[in-house]
Amino acid sequence: MAHKIKNVNKVFDEIKRDMDSLNLVSLFVPTYLQNRKTMETFSFVDESEVVGRDDDKSKIASIITSSDNQDILMALPIVGMGGIGKTTLAKLVYNDGFVAKYFDKRIWVHVSKDFDVKKILIEITESVTKRTCQFSSIDVIQQSLKDELSEKRFLLVLDDMWNDDSEQWDMLKTSLKIGARNSKVIATTRIIEVASMIGTFDTYHLQSLSEDKCWSILKNKAFGNGGAEQTPNMVAIGKEIVKKCGGLPLAAKALGGLMHIKKDEQHWLSIKDNEIWDLPMDKNGVLPALKLSYDHLPSHLKQCFLYCSIFPKGAFIFRNDLIRQWMALGFLQPSTGSRLLMEDIGNIYINQLLWNSFFQDAEYDDFGLIKFKIHDLVFDLACSLSRPDNINVGAEGLKSNSNAFHLRLYSDGDIKKIQDYLSEVRNLRSLHLKFTGANTPIGRNVLDFLFKKLKCLRVLELSNCRIKDLPSSIKKLKHLRHLDLSFNPIEALPASITSLYNLQTLDLGNCPLKELPEDMRKLVKLRQLNVYREDGSLSQMPIDMGRLIYLNGLSTFIVGHKREQCIKELQRLDLRGNLGIYNLENVRSRTEAEEANLMGKEKLDMLHLSWRSNVLGGDNSFMLGNETVVDEDDVLEGLRPHPNLKQLIIKNFGGDNLPQWMMRVCELSLPKLVKFFLHDCERLEHVPPLGQLPSLKILHLKRLKRMKSLGSEFYHGDDSNGTQVSLTTTTFPSLEELSFEQLPNFEEWMEPQGSFPSFPRLGRMFLKDCPKLVTMPSRFPSFSKLYIFEMPKLKFLPKGLLHNNVKELNIVKCPDLEAIIMPNEEEGVQVISSSLDLLLVRNCPSLTSFPDVRGLHSIRRFIFIRNEKITGLPEGLHTLHTLELLWIGGYSSELESFPNLEHLQHLSSLRHLHIVGWSKLSSLPEQLQNLTQLEFLAIHEFHSVAALPEWLGNLSSLRTLGLVDCNNLMYLPEEEEGLRCFIKLEKLNILNCPLLEERCSRGRGEEWPKIKHIKNIQIDDQYV
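Just so you know, the residues in each chain are numbered from 1, in the order the chain's sequence is written. Given that the model is predicted, a residue must reach a pLDDT of at least 70 before its local features are reported, and side-chain atom pairs must reach 80 or more before they are shown or counted; all residues, however, enter totals for whole chains, interfaces and linings. To get the side-chain values, all heavy atoms of the structure are used, and hydrogens and water are removed first.

**Some words on the overall build of the protein**
Then, in step 1: Counting secondary structure elements, the protein contains 28 helices and 39 strands.
Then, in step 2: Across the 1024 residues in the protein, those meeting the buried criterion constitute 55%. For the purposes of this entry, the term helix denotes a DSSP run of H or I that reaches at least four residues, the term strand denotes a run of E that reaches at least two, and both are numbered from the N terminus. The buried label goes to any residue with under 20% of its type's maximum accessible area, the exposed label to any with over 50%, and the partly exposed label to all in between, with areas taken from a 1.4 Å probe on protein chains only.

Below you can see the structure in the form of structure tokens.
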């Protein structure tokens, strides 16, 4: 019987391949999916609720945050079999609050079997800088990484390591010895030999979960959220099944998801008695429990899941991208009579796969699910079942995979290789072309070859391939449904692209387009058009966009002068997601604005409303051509969005007043609003009663030139009937971030009135360039980060502002600031928050005193520079035993010597010191030579110092020396007793020291023999 079943399955597999080659799809969508609502109502188990790993988390967190060992870098391997929870445990530690505070930077890299030092360093660089690494040389990448991490204690997680090549590991480890002491690496691996190779700590062996813990996981999945009924029989069967999990949480989670759907007793018994349990884990490491869960998936979910093997292992998969690709491949066909859109069905499929643990690590924002990952073992399952249909290779691997349907092709820029190998491919339906570190763009000839050769493509991903223009032969791709050209320097598209009548998605994000093809209205099946209007780029929309009746994703619409480009083109479009409407000065009236039907677009999450800034005149009206006087107040009144809106941006609005739907019934009009940005509205004097918005988390007000004050109308509104009620409610109940920037006439910010607290969740506040502001509230019970920049009238921070929750305080360029806190008249002292981790005060020329800092028990970073009336270091500085980074100096120009640094030698944790001088100082403070614990020293603005002292060589632990803005510095210490004494010195950075720079010229400068032994020398940001 088993052989017969195997043969039948083989026939089904062949049928499935034939269906794919002929582009045949099933039109059946199960009833339970048709009737189910979209993602917002679907409940998931919280991934953070991990069972049975609290002790493991505490032990590892304790190990990596211990300061007992002063090595630059130490590695802790976590070893255990696949599915046991190594990655989950590493994530728990990585996201732990204390760990996050202990490390300046945290970096996560998925390694897998492809251990490539250059690739890993690129991923680390991109994680630290938050931008794409453009370097191809490993030396340049290493130098860039050193610049980013040289003063920082970092935690690096290397997830899923397999390679036991000690030479490769040593190369990576050497490259990572660039941060502050006590930087750590956590590596997860299944292989004990790998753990032994990398570990400087003892290997942490992660044990299987107990049967009780596994039962807890399985029970919550199987019986929870509308699953099976929890009867004694079902519990008994479930406890038998959980014994087969082997203590692996992944297996318990996968089986629980399956048992949630197969909820009757007979199905559970068939799972318990399935023959698959008698099979060992296969050669790909696939657990029987995962294969069993896959076997029970509906066919429509199987093909969607298997397609995911086309993505890189361990990478995030973005929800919308995946749904659009499924849709393009015909995996999301609604049944006859169904009201669900294909996007809704895609959301349901993702929810199902999340619930069954085929997807995990889901990340959400205020708008819903953004992205997720696939567990390594689950990914291995997908790969083993999808080959040879889905292939993820470099160009050299194509010859043996010429029958692939779906291909992700990595190229180092060798264009000829791409042409040669793609000429072998016959049945390709999707192509993801990815360049790796090369600067060579794909030329028109290569694209022309691709378009003519691969005529059956449905999905084409060419993001970030440095394409400048497309050949007209793109029209050959008649079956193309998904085209991603984002992040390419394309300024115009060929007119022939409008011949792609089947196109559903066109992604042009971050392309500097100047125009779109005139006949875009011919793309009658288009559902998603992603294009951004950047300054100086796209100036108008093609005509008749309203004819694209299937269009539900439109990131940008530019209102034009022509009737076919007016805002009414949006009327019939059932848009969702993000919409930016620009050039609203071309809308003539409220009636015309209402024709956009924004009120009817209930699926919009974000709305950006923008006028041109150069149309503002003396009042809120202006002439449109020679005919119409446009009242912007009236226009904005007609642009009322649906109450479901979550983010609203209003920019360059030239009216006097915001609309009534914001001013009077704000909490009713926008009850779900999470983010509100009001920028460059020059005539506005008053803002809406934003304090009544129940969901508002982020509020930014910027360049409102006429706004003078914020009072009760800001918190409660002016409605007399509502005021008494609102005074007994919390205002701004959800606000987490508040920013006021460039408000030139903003004078008074009143305390909120009422018996209930305001701003209960405000964590971050930014005040910048509000030159007249003198009054502000002091009651912010929860905020932890305060940034104050360029506030000329500020003399003291409000009393009570610096409560004991404040972790970061930044005060910059406040010329009238006399003291951080108003002195206590009774006690005669200033009190500052004891919980500060970062304290930065600079360029405050009127500051004459500073609070006693001896109570700052957790401070790690203290920057106190260029405050010109200061004559001494803060009291109690020598008691800050947790201090790691210190900037001091730039004080009163009348001082002829630097304040005494003798006590700094007692700061056992201090590793990084920046010292800033002034013109009268002719020498460095001699007490510097006693700070032998320093690893980093930067000397700034000692303009009268011509030579560095010989005693500088006493700093035997120094790894980096910086010399910055020292105009007359010419001489380094003598070779015998000077820089040669820095036995650990790895980097010398000289910046804006013109005389010294010339003398340190490579090979010919007089100081060159003194520094040529230093590994990394940087002069004016150039490595020599």
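**Let's talk about a negative patch on the surface**
Then, in step 1: Like-charged residues are merged into a patch within 9 Å and nonpolar side chains (Val, Leu, Ile, Met, Phe, Trp, Tyr) within 5 Å, provided each residue has over 30% relative accessible area and no salt bridge. Using a 1.4 Å probe, accessible areas were evaluated by the Shrake-Rupley method; residue-level cover was limited to the displayed protein chains. The salt bridge definition used is simple: a Lys or Arg side-chain nitrogen within 4 Å of an Asp or Glu carboxyl oxygen. Neither His nor the chain ends is counted toward charge; the positive residues are Lys and Arg and the negative residues Asp and Glu. A charge is said to be at NZ when it belongs to Lys, at CZ for Arg, at CG for Asp and at CD for Glu. On the surface, a cluster of negative charge is contributed by D164, D165, E167 and E193.
Then, in step 2: Within the secondary structure layout, D165 lies in the loop between β3 (154-161) and α8 (166-176).
Then, in step 3: Its relative accessible area of 33% is what places D165 among the partly exposed residues.

**Focus on the environment of S216**
Then, in step 1: Mapped onto the elements, S216 comes out in helix α10 (residues 211-223).
Then, in step 2: Separated by 36 residues in sequence, S216 and A252 have C-alpha atoms that sit 9.0 Å apart.

**Considerations on the confidence of the model for the protein**
Then, in step 1: pLDDT is a per-residue confidence score from the predictor, ranging from 0 to 100. Scored by pLDDT, the protein comes out at a mean of 84, with 87% of its residues at no less than 70.
Then, in step 2: The contact definition used throughout considers only heavy atoms, calling two residues in contact when any of these lie within 4.5 Å. Between residues 15-45, whose pLDDT stays under 50, and residues either more than four places distant or in other chains, the model counts 57 contacts.
Then, in step 3: This model gives residues 720-725 a pLDDT under 50, and the stretch forms two contacts once residues within four places in sequence are excluded.

**Section: the packing of aromatic side chains**
Then, in step 1: For this analysis, a ring pair means two rings from Phe, Tyr or Trp (six-membered ring only for Trp) whose centres lie within 6.5 Å, classed as stacked if their planes differ by under 30 degrees, edge-to-face if by over 60, and tilted for the remaining angles. Taken as a whole and judged by the stated rule, the model has 33 aromatic pairs.
Then, in step 2: With a centroid separation of 5.4 Å and an interplanar angle of 45°, the aromatic rings of F223 and W268 are classed as tilted. Taken together, the residues F223 in helix α10 and W268 in helix α13 (residues 265-272) connect sequence positions 45 residues apart.
Then, in step 3: For F223, a relative accessible area of 12% corresponds to the buried category.
Then, in step 4: With a relative accessible area of 0%, W268 lands in the buried category.

**Details of the sheet that holds strand β5 (residues 204-205)**
Then, in step 1: With parallel pairing, five strands are arranged side by side in an open sheet as β2-β3-β4-β1-β5. The two strands at the open ends of the sheet, each matched to only one other strand, are β2 (105-112) and β5.
Then, in step 2: Each pair of strands is called paired provided DSSP finds at least two bridges between the two strands. Inspection of the sheet shows strand β1 (residues 73-79) paired to strand β4 (residues 183-189) by seven bridges, in the parallel sense. When the bridges of β4 are listed, V79 appears paired with T189.

**Some remarks on the pattern of salt bridges**
Then, in step 1: Taken as a whole, this structure holds 44 salt bridges when the rule is applied.
Then, in step 2: Ionic pairing is found between E594 and R590, a salt bridge with its closest N-O pair at 3.1 Å. Of this pair, E594 and R590 both sit in helix α21 (residues 590-594), separated by four residues, roughly a single helical turn.
Then, in step 3: On the accessibility criterion, E594 (40% relative accessible area) is partly exposed.
Then, in step 4: Overall, the relative accessible area of 36% leaves R590 in the partly exposed class.
Then, in step 5: Salt bridges here are not isolated pairs; linked through shared partners, they connect D104, R153, E808, D837, R860, R861 and E884.

**Observations concerning the nonpolar core**
Then, in step 1: To qualify as a nonpolar core, a set must consist of buried Ala, Val, Leu, Ile, Met, Phe, Trp, Tyr and Cys residues joined through side-chain atoms within 4.5 Å. Core analysis: the largest hydrophobic core is formed by 187 residues, its most contacted members being L529, L648, I650, F740, W749, L937 and L963.
Then, in step 2: Top contributing element to this core by residue count: helix α20 (residues 444-453), with four residues.
Then, in step 3: The residues contacting L963, other than those within four sequence positions of it, are I939, L948, L969, L972, L988, N989, I990, L991, C993 and L996.
Then, in step 4: Counting 90 residues, the second-largest nonpolar core is a separate cluster that includes Y102, F201, V242 and M342.

**Thoughts on a positive patch on the surface**
Then, in step 1: Positive charge collects at one region of the surface, where K455, K475, K476 and K478 lie side by side.
Then, in step 2: Turning to its location among the elements, K455 is positioned in the loop between α20 and β12 (459-461).

**Concerning the sheet that holds strand β6 (residues 317-318)**
Then, in step 1: Reading across the sheet, the three strands line up as β6-β8-β7 and stay open at both edges, with antiparallel pairing between neighbours. Either end of the sheet is taken by a strand with one partner, and the two such strands are β6 and β7 (360-365).
Then, in step 2: Relative to strand β8 (residues 368-373), β7 runs antiparallel, the two being bridged by four bridges. Paired with E363 across the strands is K371, a residue of β8.

**Side note on unusual backbone geometry**
Then, in step 1: For the peptide bond that leads from R387 to P388, omega is 5°, which places it in the cis range.
Then, in step 2: Relative to the assigned elements, P388 resides in the loop between α18 (376-386) and β9 (390-394).
Then, in step 3: Backbone geometry places Q742, a non-glycine residue, at a positive phi of 55°.
Then, in step 4: Inspection of the secondary structure assignment puts Q742 in the loop between β26 (737-741) and β27 (748-749).
Then, in step 5: Of the residues examined, Q742 reaches a relative accessible area of 26% and is grouped as partly exposed.
Then, in step 6: Residue N843 is not a glycine yet carries a positive backbone phi of 55°.

**Considerations on the state of the cysteines**
Then, in step 1: The term disulfide is used for any two cysteine sulfur atoms that are within 2.5 Å. In the structure shown here, the tally under the stated rule is zero disulfides.
Then, in step 2: With no disulfide of its own, C214 lies closest to C245 among cysteine sulfurs, the gap being 5.5 Å.
Then, in step 3: Accessibility expressed as a relative area gives 1% for C214, which makes it buried.
Then, in step 4: Looking at the unpaired C814, the closest cysteine sulfur is the one in C844, lying at 4.9 Å.

**Thoughts on the side chain of N488**
Then, in step 1: Inspection of the secondary structure assignment puts N488 in the loop between β13 (482-484) and β14 (505-507).
Then, in step 2: Note on N488: relative accessible area 2%, which makes it buried.
Then, in step 3: Within the structure, the side chain of N488 is placed 2.9 Å from the backbone nitrogen of C465, a separation counted as a polar contact.
Then, in step 4: In terms of polar contacts, N488 uses its side chain to reach the backbone amide nitrogen of R466, at 2.8 Å.
Then, in step 5: Once residues lying within four places of it in the same chain are set aside, the contact partners of N488 are L462, S463, N464, C465, R466, I467, N510, C511 and P512. N or O atoms closer than or at 3.5 Å make up a polar contact, with two conditions inside protein: a donor-capable atom paired with an acceptor-capable one, and, for residues adjacent in sequence, both atoms drawn from side chains.

**Points about the packing of helix α16 (residues 319-328) against helix α17 (residues 342-355)**
Helix packing geometry: the angle between the two helix axes and the distance between the axes.
Then, in step 1: Between the N-to-C directions of two axes lies an angle of 0 to 180 degrees, each axis being a line fitted to C-alpha atoms and, for a helix, fitted only over the stretch in contact. Two numbers describe how α16 lies on α17: the axes approach to 9 Å, and their chain directions differ by 115°. As α16 packs across α17, the resulting crossing turns out to be right-handed. On the side of α16, the interface is formed by R319, L322, I323, W326 and M327, while α17 contributes M342, E343, G346, N347, Y349, I350 and L353. In this scheme the handedness of a crossing depends on how the near helix is turned from the far one: anticlockwise by less than a right angle means left-handed, clockwise means right-handed.

**Focus: the environment of P643**
Then, in step 1: Tracing the chain through its elements places P643 in the loop between α22 (632-637) and β22 (647-651).
Then, in step 2: Residue classification places P643 among the partly exposed residues on the basis of a relative accessible area of 23%.
Then, in step 3: Sequence spacing of P643 and K672 is 29 residues, and the spatial spacing of their C-alpha atoms is 6.8 Å.
Then, in step 4: Dropping the residues within four chain positions of it, P643 is found in contact with M599, L668, S669, L670, P671 and K672.

**Structural notes on α10**
Then, in step 1: Spanning 13 residues, α10 covers 17 Å between terminal C-alpha atoms, matching the ideal 18 Å at 1.5 Å per step.
Then, in step 2: Following α10 by one or two positions, N225 has its phi on the positive side, about 50°. For a helix, the expected span equals 1.5 Å multiplied by the residue count minus one.

**Things to note about the pairing of strand β23 (residues 675-679)**
Within a regular strand, side chains alternate between the sheet's two faces.
Then, in step 1: Taking burial as the measure, the five residues of β23 include four buried ones, the bulk of the element.
Then, in step 2: Of the pairings in the sheet, the one linking β22 to β23 comprises five bridges and is parallel in character. Within β23, the residue paired with I649 across the bridge is F677.
Then, in step 3: Across five bridges, β23 lies against strand β24 (residues 698-702) in parallel orientation. Residue pairing for β24: F676 is matched across the bridge by L699.

**Looking at the pairing of β3**
Then, in step 1: β3 sits mainly inside the fold: eight of its eight residues count as buried.
Then, in step 2: Across seven bridges, the pairing between β2 and β3 is parallel. Looking across to β3, one finds that R106 is bridged to L155.
Then, in step 3: Pairing of β3 with β4, which is carried by five bridges, proceeds in the parallel orientation. What sits directly across from M161, in β4, is T189.
Then, in step 4: Crossover handedness is defined here as right-handed if the route from the first strand over the helix to the second strand goes clockwise, with the strands pointing away from the viewer. Taking the sense of rotation as the criterion, the β-α-β connection linking β3, α8 and β4 turns out right-handed.

**Some details on helix α12 (residues 249-261)**
Then, in step 1: A rise of 1.5 Å per residue sets the reference length of α12, with its 13 residues, at 18 Å; its end C-alpha atoms lie 19 Å apart and thus fit the reference within 8%.
Then, in step 2: Regarding α12, the residues found buried are P249, L250, A251, A252, A254, L255, G256, G257, L258, M259 and H260.
Then, in step 3: Buried residues along α12 sit in contact with α10, α11 (232-242), α13, α14 (288-295), α17 and α18.

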